[in-house]
Amino acid sequence: MTFKIASMEISLSWKTILPTLLAILIAQRVYANHQWHRKYKFPNRIPGLPIFGNTFQLPPMQQGIWARDQAKKYGEMFTVQFGIQTWVFLNSSRVVHDLLEKRSSIYSSRVHLPMAQTIMSGGCRVLLMPYSDRWRAIRKVMHSILNKQSMGTFAPFQELESRHLLYDYLKTPDLWHVANQRFANSVIMSVVFGKRLELDNPNTKELFETSTEIVQAMQPGASLVDALPIFENLPQWLQWWRPRGIRAHEKCKRVYQREVDDIKRRIEAGTARDCFALQFLRTPEAHAFGPTQLLFSLGSLMEAGTDTSRMVISQLLCAAILDPRWAATARRQLDGVCGANAERLPEFADRGHLPYISAVTKEAMRWRPMAPIGMPHCLVADDEYEGFRWPKGTVFTWNATSIALDENEFEDPMRFWPERFLNEDLDNVLKGHLGFGPGRRMCSGYHVGDGNVWIVIARLLYCFDFEAGEGGEIDSLRVPWIEHRHAPFPLKIKIRSPAHAALVEREGKIATETVY
Ligand code: HEM
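Keep in mind it's a predicted model, so treat the numbers as computed, not measured.

About the cut-offs
- Residues numbered from 1 in each chain as written.
- Predicted model: local features only at pLDDT ≥ 70, side-chain atom pairs only at ≥ 80, totals over all residues.
- Heavy atoms only, no water.
- Axes fitted to C-alpha atoms, helices over the stretch in contact; angles between N-to-C directions.
- Helix = DSSP H or I, 4+ residues; strand = E, 2+ residues; numbered from the N terminus.
- Parallel < 35°, antiparallel > 145°, perpendicular 65-115°, else oblique.
- Contact = heavy atoms within 4.5 Å.
- Nonpolar A, V, L, I, M, F, W, Y, C, P; charged D, E, K, R; others polar.
- Pairing = 2+ DSSP bridges.
- Buried < 20%, exposed > 50% of the residue type's maximum accessible area, 1.4 Å probe, protein only.

### Focus: the packing of helix α15 (residues 324-338) against helix α18 (residues 446-463)
The interhelical angle for the contact between α15 and α18, taken along N-to-C directions, is 90°, at an axis separation of 9 Å. Classified by the angle between their axes, α15 and α18 sit roughly perpendicular to one another. Touching W326, A327, A330, R331, L334, D335 and C338 of α15 are A458, L461 and Y462, all from α18. The residue makeup of the contact of α15 with α18, split by class, is eight nonpolar, no polar and two charged.

In structure tokens, the structure reads:
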């Protein structure tokens, strides 16, 4: 009886305590939510699902077109919820300039990615690093080696690899996409490690596999814990993704170390060419953050510097067949400088006499942005702007495709029209477009990227004619530029004349036989 009474007493008290506790918790949550909404104010929010927000609305491909449609509907800025992250899309160069450039000191961090950055990269991948002393120190060294004055060190690599590219186009025109990839990979291998790409070397294959793995790991939704970082609090033995991440990390360290050991051997033997790694290894700051950071600083450059150039070159060829007008203008200027009868190949030294090719290069950075919805920049302190208030941790990105194709930004934006860049800012490769990103986080290798595209397009247009291949109309907004297993669009390539064939044969063959 007593027990019964006691148990009744207990159950009675729980019956009252539990709902009361629950009510307090809900009230607290509602109050916190209310306070949060009073404190912070976001631009137009795109309606989404409870809990998941807009996560399932972002398509895996053609994200740029999706984001452009949203910008048309929601205006200069809009807000979306991807998992637990709040993203603000900046849809005009005005707001990009005001926030990501002018306030770059608080808009330049990265989203926390427990799988891609913490585990797979040991926190050391430059592209994914938070804005920190370490990131600033490494970027400073990168800048000191990759600045405009140092381009004389890297231009010979680009010169040689572009001659090899011409030879590949002459001999195996149907494999032009493979030639583009070989060119981009070999330039970056030379720039970073001072040696050419050896296609059949398994070490090379492994090195480039690591890039593919991290690109895949960075895709939204690739890993649950990156979408919902709360899962990183699970005990390590329950984190099923961890062993895969550790394996990828160890593989990266092993393949990067192999390259570092190789260049150290060449330095000792006195056979190393001047390159990024050679200079980097001599810089005390490069060693300040330990051996893993040193390896990943070199690896990060390899990863960031390959696919980017390859894709922009493909875009240019596509633009040439869709609108032959600009290609004809470029050809006229090239013939004026190098002779109409294949007298010689265009050189970097001709750049001052070939302004149209520089304008073509800038227009290529605008036309179909390589990062279609920009790259996430994370805010590190609460901020206010034009009546909006954002908490730290909000993610900002420049809506690259939308801005590039907006007629308020560019006259006749759909047209590939290099003339728009023939102005007093022509020689400033960053000015007038966002192809290399905004603010402090902008591309570290932009001089190399610009040089790659400039020399390749000058030489290809001088030597070859390009026409649409069979396979229907090309929708240049939907071409899968990232594709590397097959050509992203049908293209027919013909050498201009027997004299041009002889020039390519002569200059290209030597390039294919050069070994270092
Ligand atoms: C045409 C070629 C290239 C294009 C269009 C390009 C574009 C970009 C873009 C859009 C970003 C992101 C910027 C941001 O987050 O705001 C970036 C970052 C980066 N790029 Fe490039 N890039 C190119 C070539 C290269 C090359 C050749 C290298 C190396 C030599 C390189 C190294 C990097 C690095 C290290 C980062 C990471 C910067 C950071 O997060 O601090 N890029 N690039």
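### Some thoughts on the sheet that holds strand β3 (residues 377-378)
Backbone hydrogen bonds hold the strands of a sheet together, and the pairing may be parallel or antiparallel. Strand order across the open sheet formed by four strands is β1-β2-β6-β3, with mixed pairing between neighbours. The outermost strands of the open sheet, each flanked by one partner alone, are β1 (77-82) and β3. Pairing of strand β2 (residues 85-90) with strand β6 (residues 395-398) involves four bridges; the strand directions are parallel. Paired with W87 across the two strands is V395, which belongs to β6. Packed onto the sheet, helix α2 (residues 63-74) meets β1 and β2 and runs at close to 130° relative to β1.

### Looking at the pairing of β1
Among the six residues that make up β1, six are buried, leaving the element largely enclosed by the rest of the structure. Across the two faces of β1 the burial is the same, with M77, T79 and Q81 and F78, V80 and F82 all buried. Direction of pairing for β1 relative to β2: antiparallel, over a ladder of six bridges. Bridging across to β2, F82 finds its partner in Q85. Two successive antiparallel strands, β1 and β2, enclose a turn made up of two residues, where G83 displays a positive phi of approximately 60°.

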